[in-house]
Amino acid sequence: MTFNSQNSETVSETPKVSIVEHRHDAEHDINEFTFHASSQQAVDEWLEHMERLYAGITPDKCVRLWMDITKSGALPMGYALNRSYSWMRKLEFHPAARMVFIHKPDPFMSLADQLMRTLRLGHLRTRFFTVDQAAEARAWLLESCSRKQV
């Protein structure tokens, strides 16, 4: 609530509704993101979280990202890739990172998995897992971080 001095009325401000939740699992040092919508706005909000996350990162850090898209479905892939590349170009360095996408069963996701593997980003390894593979996804995420693509 703010006070408008011109007409002495109280004006309600609509709070920003988050469509991407961020949680840090301190025990395993995993940054968990839950997407509630599949939109360009969701991608932009996620990148805002990433900017804050990377602000205090050192080159030797292993970044682990858990991307839960079970509620949102697939993110707008072209937009996400373009925005991510733009953001990455601004970074001073690229620490090794592992990223898992948790999704509902969907044939498109296996194609997305293959696409991400062919991009061969030296610092980033990604994998896609269905909800029922969450334990396998967590185990993969916790493996050693290296820059080598397999």
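Source: prediction; values computed, not measured. (Residues numbered from 1 in each chain as written. Predicted model: local features only at pLDDT ≥ 70, side-chain atom pairs only at ≥ 80, totals over all residues. Heavy atoms only, no water.)

Engineer: Which residues make up the packing of aromatic side chains, and what values do they have?
Structural biologist: Per the counting criterion, the structure on display carries four aromatic pairs. Seen in terms of ring centroids, F33 and W46 are 6.4 Å apart; in terms of plane orientation they differ by 85°. Their pairing is edge-to-face. Placement of F33 in strand β4 (residues 30–35) and of W46 in helix α1 (residues 40–55) is noted, with a sequence separation of 13 residues between them. With respect to burial, F33 and W46 carry one shared label: buried. Between the aromatic rings of F101 and F128, the centroid separation amounts to 4.6 Å while the plane-to-plane angle is 10°, which identifies the pairing as stacked. Of this pair, F101 sits in strand β6 (residues 97–103) while F128 sits in strand β7 (residues 124–130), and the two are 27 residues apart along the sequence. (Phe/Tyr/Trp six-rings, centres within 6.5 Å; stacked < 30°, edge-to-face > 60°. Helix = DSSP H or I, 4+ residues; strand = E, 2+ residues; numbered from the N terminus. Buried < 20%, exposed > 50% of the residue type's maximum accessible area, 1.4 Å probe, protein only.)

Engineer: If you had to explain the pairing of β6 to someone new, which residues and values would you point to?
Structural biologist: For β6, the buried fraction is high: seven of the seven residues fall into the buried class. Burial along β6 is two-sided: A97, M99, F101 and H103 facing one way and R98, V100 and I102 facing the other are all buried. As defined by bridge partners, strand β5 (residues 63–68) adjoins β6 across six bridges and the pair is classed as parallel. Counted as the bridge partner of W66 is V100 from β6. (Pairing = 2+ DSSP bridges.)

Engineer: Can you explain the environment of A80? Please cite residues and give values.
Structural biologist: Locating A80 in the fold gives a position in helix α2 (residues 77–90). A C-alpha to C-alpha distance of 9.4 Å links A80 and A42, two positions 38 residues apart in sequence.

Engineer: Describe the packing of α1 against α2, listing the residues and the values that go with them.
Structural biologist: At a closest axis distance of 10 Å, the pairing of α1 and α2 adopts a crossing angle of 25°. In terms of axis orientation, α1 runs roughly parallel to α2. The element α1 and its partner α2 pack so that their crossing is right-handed. Between α1 and α2, the contacting residues are Q40, V43, D44, W46, L47, M50, E51 and Y54 on the first element and Y79, A80, R83, S84 and W87 on the second. (Axes fitted to C-alpha atoms, helices over the stretch in contact; angles between N-to-C directions. Parallel < 35°, antiparallel > 145°, perpendicular 65-115°, else oblique. Left-handed = near helix turned anticlockwise from the far one by under 90°. Contact = heavy atoms within 4.5 Å.)

Engineer: An account of α1 is requested, with residue identities and associated values reported.
Structural biologist: With 16 residues, α1 extends 23 Å between its outermost C-alpha atoms, agreeing within 8% with the 22 Å of an ideal straight helix rising 1.5 Å per residue. A42, V43, E45, W46, L47, H49, M50, L53 and Y54 are the residues of α1 that are buried. (Expected span 1.5 Å × (residues − 1).)

Engineer: Any chance you could break down the environment of M88 for me, citing the residues and the numbers?
Structural biologist: Along the chain, M88 turns up in helix α2. Along the sequence, M88 and E51 sit 37 residues apart, while their C-alpha atoms lie 9.9 Å from each other.

Engineer: Can you lay out the sheet that holds β5 for me, pointing to particular residues and giving the numbers?
Structural biologist: Paired through backbone hydrogen bonds, the strands of a sheet run either parallel or antiparallel to each other. Taking strand neighbours across the sheet as the criterion, the five strands line up as β3-β4-β5-β6-β7 in an open arrangement whose pairing is mixed. Every interior strand has two partners, whereas the edge strands, β3 (20–25) and β7, have only one. Taken over all neighbouring pairs, the strand axes of this sheet differ in orientation by 20° on average, direction set aside. Each of β3, β4, β5 and β6 touches α1; the most contacted strand, β4, lies at about 165° to it.

Engineer: Which residues make up the nonpolar core, and what values go with them?
Structural biologist: Core analysis: the biggest nonpolar cluster contains 29 residues, and F33, F35, W46, M50, Y54, L65 and M67 have the highest contact counts within it. Elements that contribute at least two residues to this core include exactly β4, α1, β5, α2, β6, α3 (107–119) and β7. Here this core gets seven residues from one element, more than from any other, and that element is α1. Excluding residues that lie within four positions of it along the chain, M67 makes contacts with F33, F35, W46, M99, V100, F101 and I102. In this structure, I30, W66, V100 and A137 belong to the second largest nonpolar core, which totals eight residues. (Core = buried A, V, L, I, M, F, W, Y, C linked by side-chain atoms within 4.5 Å.)

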